[in-house]
Amino acid sequence: MSADADVNVSRPLACEGLVMGKEGVAALVDVLIRRGFTVVGPTARDGAIVLAELRSADELPYGWGVELEAGRYRLRERFDGAAFANAAGPQSWKSFLHPARVREWSADRVDGGLVITADQAAPPRYAFLGVRPCDLRAIAVQDRVLTGGAYRDSGYEGRRSGALLIVVECTEPGATCFCVSMGTGPAAGPGYDLVMTEVADEDGHRFWIRSGSREGSEILAELPARPADPETRETARAGVTAAADRMGRTMPEADLRELMAGTLDAPRWDDVAGRCLTCGNCTMVCPTCFCTTTEDVTDLTGDHAERWRLWDSCFDLAFSQLHGGPVRASSRSRYRQWMTHKLGTWYDQFGSSGCVGCGRCIVWCPVGIDITEEAAALHDWTQSRTPATESERG
Amino acid sequence: MTTVPPPLPYRVAGTSAETADTRSIELVPAGRALPPFAPGQFAMIYAFGVGEVPVSASALRGRHGGLVHTVRAVGAVSAALCRLRPGDNVGLSGPYGTGWDLEAAVGHDVLIVAGGIGLAPLRPVVHAVLDRQAAYGPLAVLVGARTPADLVYRDEIASWSGRVRVEVTVDRPAPGWRGAVGVVTALLDRLDLRPDRTCALVCGPEVMMRHTARALVSRGVVPQRVQVSLERTMHCATGHCGHCQLGPLLLCRDGPVVGYDRVAHLLLVREL
């Protein structure tokens, strides 16, 4: 290995990355725009960190952090001026890759016949700046759902395949975060084009940046950056490691798929149903929830019709509607459907968990229902039942 | 892997009334044709501007050589489909889902149990078994309907006589009805069921399938040889809309036909 390093001096440099200041981030946004990307990143707006198209890095939420709790989200000023020291906001990248409203095709009556035309609008080429490791995993989960099966969602594929992912590792988890439990953070997993770790301390505000793809390397080469010094790398790594120890929430240490499959009749579902408003907020903010419904519309001539696809929620009564009524009429069954799917049957359907531990569902639940608390209660129930069953047998 | 295609235009070649609220619609391609359907597979049928519904093929080759679907008017789209006339156009996509496993039935007695319009997805099975009668043991068809007037394919069922053992029961008899009255599972007692040689294909309301499958298993038919066709809401048929979940299954992808051994425990959970 050391011989390799001697031959190819650029290799250790690429691995160890570069360091740049705020001007580097500004240059990054400029380079991306110059390369034709629609840059989307976090910005502070309307009392929240939201994802929006960025014209310059000045729009990043420098100096804004967040306070998160079950049913509570507040912006908080930070004195270190950090841009990315804020955990998940109300939106996720699914708003861009799998939008809430998409026209799929249109149908026209022409000369007594029917002509159906797929919507071929070319998507913008997105550069997502500030993707969290948990959200990077969420994108991978949606990739599997929408393009990993027998049928590919070509619209999603078009938006996704052109998208550049710039991850920022997490050094500031929220009180509702549990990515460590789900194995999705706070360090970045695979799949990024560039990854940054933000450090803001007495030695200055700087970003340790590495590439994960050829395009990432090309962009990196255009940035005003210097080889990463060991101190910055060490501080950055320590920040991510510390974040792992500061998760606000944790899932019970159990096989969650098994736990969900084995607790379908647990009394806890009645308990949570007494609190759940079936508003569907958790599904809207979830970065992996993918369910949609369709809407067919005609114009005033009656000869032109369109098929639109809209986000849907398993909390909606109409979601399971069959002739004769909905399959899941009670809120108990609808909450159970959501949680058992997310943590359990998702494995059966798509080979992974549907939960990445971002905590959005906890924050944006108007009554503060906490998926980790519900999982723990189900786990406790199975634990309390096991000895009883054994003693009955004995 | 295939990119999700928009529907293809199909023309209505003929329609026939099955009951007061149920029609069979024969569709022929207006241009490019879909791949062939297997018995038990379904299509998404698009009524212009109204919407799209999943419907299993009720015959793979109708009088005009097209695909036949039998539709009961229960909602806006199915009502629009029931109003179609010859020459009208629809959008059609498919074939989707798993069909009946007829290979598993080769060499076995074939028992079909249908509730109401549940006979529709099973009709192509009757056709297929009659086409290759030597490959299978005796074929028996048990049908349950709400009333005699709700019985579909009445003339065709009569034409099967001699080659197919047919038993019909109704929930509520009408004047003049001389057949059986009661649930379809009661008809099982009329058969000389050879459980170890029987392959059963069941389609109807979920409660009817649950009772039928349990009755068959209690008589000794192995659960793997009981196939059921399950129904849930579907908006895409490609595994992307999420509506058709039954526990771990996405029924558009893993169904609609599944072995009872895979779903027996799921059918016992209320509102799953």
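You'll find the structure just up there.
Note that this is a predicted model, so its numbers are computed, not measured. (Residues numbered from 1 in each chain as written. Chains lettered and ligands numbered in written order. Predicted model: local features only at pLDDT ≥ 70, side-chain atom pairs only at ≥ 80, totals over all residues. Heavy atoms only, no water.)

Caption draft 1: Expanded view of the overall build of chain A. The helix and strand inventory of chain A stands at 15 helices and 17 strands. By the compact-globule yardstick of 21 Å for 394 residues, chain A fits well, its C-alpha radius of gyration being 23 Å. The principal-axis extents of the C-alpha atoms in chain A amount to approximately 80 × 70 × 45 Å. By residue count, 54% of the 394 residues in chain A fall in the buried class. Expressed as a percentage of contacts within chain A between residues at least 6 apart in sequence, the contacts between residues at least 24 apart total 70%. For chain A, the exposed surface amounts to about 17,000 Å²; the carbon and sulfur share of it is 50%. When the 42 basic and 55 acidic side-chain charges of chain A are each reduced to a single mean position, those positions are 2 Å apart. (Helix = DSSP H or I, 4+ residues; strand = E, 2+ residues; numbered from the N terminus. Rg over C-alpha atoms; globule rule 2.2 N^0.38 Å. Buried < 20%, exposed > 50% of the residue type's maximum accessible area, 1.4 Å probe, protein only. Contact = heavy atoms within 4.5 Å. Areas by Shrake-Rupley, 256 points an atom, 1.4 Å probe, with all protein chains shown as cover. Lys, Arg positive; Asp, Glu negative; His and termini not counted. Charge placed at Lys NZ, Arg CZ, Asp CG, Glu CD.)

Caption draft 2: Expanded view of the interface of chain B and chain A. The interface of chain B with chain A comprises 40 residues on the first partner and 51 residues on the second. A buried area of about 3,800 Å², summed over both sides, lies between chain B and chain A, and 55% of it is on carbon and sulfur atoms. Here chain B and chain A share one salt bridge between them. Notably, a salt bridge pairs Glu52(B) with Arg307(A), separated by 2.9 Å at the nearest N-O pair. (Buried area = accessible area lost by both parts, 1.4 Å probe. Salt bridge = Lys/Arg side-chain N within 4 Å of Asp/Glu carboxyl O.)

Caption draft 3: Main features of helix 4 (residues 206-218) of chain B. Residue and element names in this part refer to chain B. End to end, helix 4 covers 18 Å across 13 residues, agreeing with the expected 18 Å (1.5 Å per residue, within 8%). Looking only at helix 4, the buried set comprises Met208, Met209, Thr212, Ala213, Ala215 and Leu216. Along helix 4, the residues classed as buried sweep out an arc of 160° about the axis, all on the same side. The inward-facing, buried residues of helix 4 contact strand 8 (109-115), strand 12 (198-203), strand 13 (226-229) and helix 6 (260-263). One or two residues past the end of helix 4 sits glycine 220, with phi positive at roughly 110°. (Expected span 1.5 Å × (residues − 1). Arc of directions from axis to C-beta.)

Caption draft 4: Structural context of the sheet that holds strand 6 (residues 101-110) of chain A. Residue and element names in this part refer to chain A. With respect to topology, four strands assemble into an open sheet ordered 7-6-15-14, the strand pairing being antiparallel. Since the sheet does not close on itself, it has two edges, and those belong to strand 7 (113-118) and strand 14 (292-298), each with one partner. Taking each pair of neighbouring strands and ignoring which way they run, the sheet shows an average axis angle of 20°. Pairing of strand 6 with strand 15 (residues 304-311) involves seven bridges; the strand directions are antiparallel. Residue serine 106 lies in a different strand from strand 15, and its bridge partner there is glutamate 306. (Pairing = 2+ DSSP bridges. Axes fitted to C-alpha atoms, helices over the stretch in contact; angles between N-to-C directions.)

Caption draft 5: Layout of the pairing of strand 6 (residues 67-72) of chain B. All names here are of chain B. Buried residues dominate strand 6, accounting for five of its six residues. Pairing of strand 3 (residues 22-29) with strand 6, which is carried by six bridges, proceeds in the antiparallel orientation. Across the sheet, leucine 27 pairs through a bridge with leucine 67, a residue of strand 6. In this structure, strand 5 (residues 51-59) lies alongside strand 6, joined through two bridges in antiparallel fashion. Note on strand 6: the bridge partner recorded for alanine 57 is histidine 69.

Caption draft 6: The environment of Arg210(A), seen in detail. Residue and element names in this part refer to chain A. Among the secondary structure elements, arginine 210 is positioned in strand 12 (residues 204-211). In sequence terms arginine 210 and leucine 18 are 192 residues apart; their C-alpha atoms lie 6.5 Å from each other. Of note is the side chain of arginine 210, whose polar atom sits 2.9 Å from the side chain of threonine 197. (Polar contact = N/O pair within 3.5 Å; in protein donor to acceptor, adjacent residues only side chain to side chain.)

Caption draft 7: Local environment of helix 13 (residues 331-350) of chain A. Residues and elements named next belong to chain A. At histidine 341, helix 13 is deflected by roughly 60°, the largest bend along its length. By the criterion of burial, helix 13 is predominantly enclosed, with 17 of the 20 residues buried. Looking one or two places after helix 13, you find glycine 351, whose phi comes out positive at around 80°. (Bend = angle between axes of the 7 residues up to and from the residue.)

Caption draft 8: Seen up close, unusual backbone geometry. With an omega dihedral of -5°, the bond running from Gly94(B) to Pro95(B) counts as a cis peptide bond. Mapping Pro95(B) onto the fold places it in strand 7 (residues 89-96). In this model, Gly255(B) is joined to Pro256(B) through a cis peptide bond whose omega is 10°. Of note in this structure, Asp46(A) is not a glycine but carries a positive phi near 55°. On the basis of relative accessible area, Asp46(A) is assigned to the exposed category, the value being 76%. Look at Ala237(B): it is not a glycine, yet its phi comes out positive at around 70°. Relative to the elements of secondary structure, Ala237(B) occurs in the loop between strand 13 and strand 14 (245-246). Judged by relative accessible area, Ala237(B) falls into the buried class, the value being 4%.

Caption draft 9: Structural context of the sheet that holds strand 3 of chain B. All names here are of chain B. Reading around the circumference, 2-3-6-5-4-7 is the order of the six strands in this closed barrel, with antiparallel pairing throughout. Mean inter-strand twist for the sheet, computed between neighbouring axes without regard to direction, equals 45°. Across the sheet, helix 2 (residues 123-131) lies against strand 5 and strand 6, angled at about 25° from strand 5, the strand it touches most.

Caption draft 10: View of the packing of helix 5 (residues 133-147) of chain A against helix 6 (residues 154-161) of chain A. Residues and elements named next belong to chain A. In the contact formed by helix 5 and helix 6, the axes pass within 9 Å of each other and the chain directions differ by 145°. Crossing of helix 5 over helix 6 shows left-handed handedness. Together, Ile139, Gln142, Asp143, Leu146 and Thr147 of helix 5 and Tyr156, Glu157 and Arg160 of helix 6 make up the contact between the two elements. Of the residues that constitute the contact of helix 5 with helix 6, the class distribution is three nonpolar, two polar and three charged. (Left-handed = near helix turned anticlockwise from the far one by under 90°. Nonpolar A, V, L, I, M, F, W, Y, C, P; charged D, E, K, R; others polar.)

Caption draft 11: Spotlight on the pattern of salt bridges. For the structure shown, the criterion picks out 43 salt bridges over all chains. Taking the shortest distance from any N to any O, the salt bridge between Arg332(A) and Asp270(A) comes out at 2.9 Å. Highlighted residues: Arg332(A) in helix 13 and Asp270(A) in helix 11 (residues 268-273), separated in sequence by 62 residues. A salt bridge links Glu167(B) to Arg190(B), with the nearest nitrogen and oxygen atoms 3.0 Å apart. With Glu167(B) in strand 10 (residues 165-170) and Arg190(B) in the loop between strand 11 (180-181) and strand 12, this residue pair connects regions lying 23 residues apart in the sequence. Judged by relative accessible area, Glu167(B) falls into the buried class, the value being 12%.

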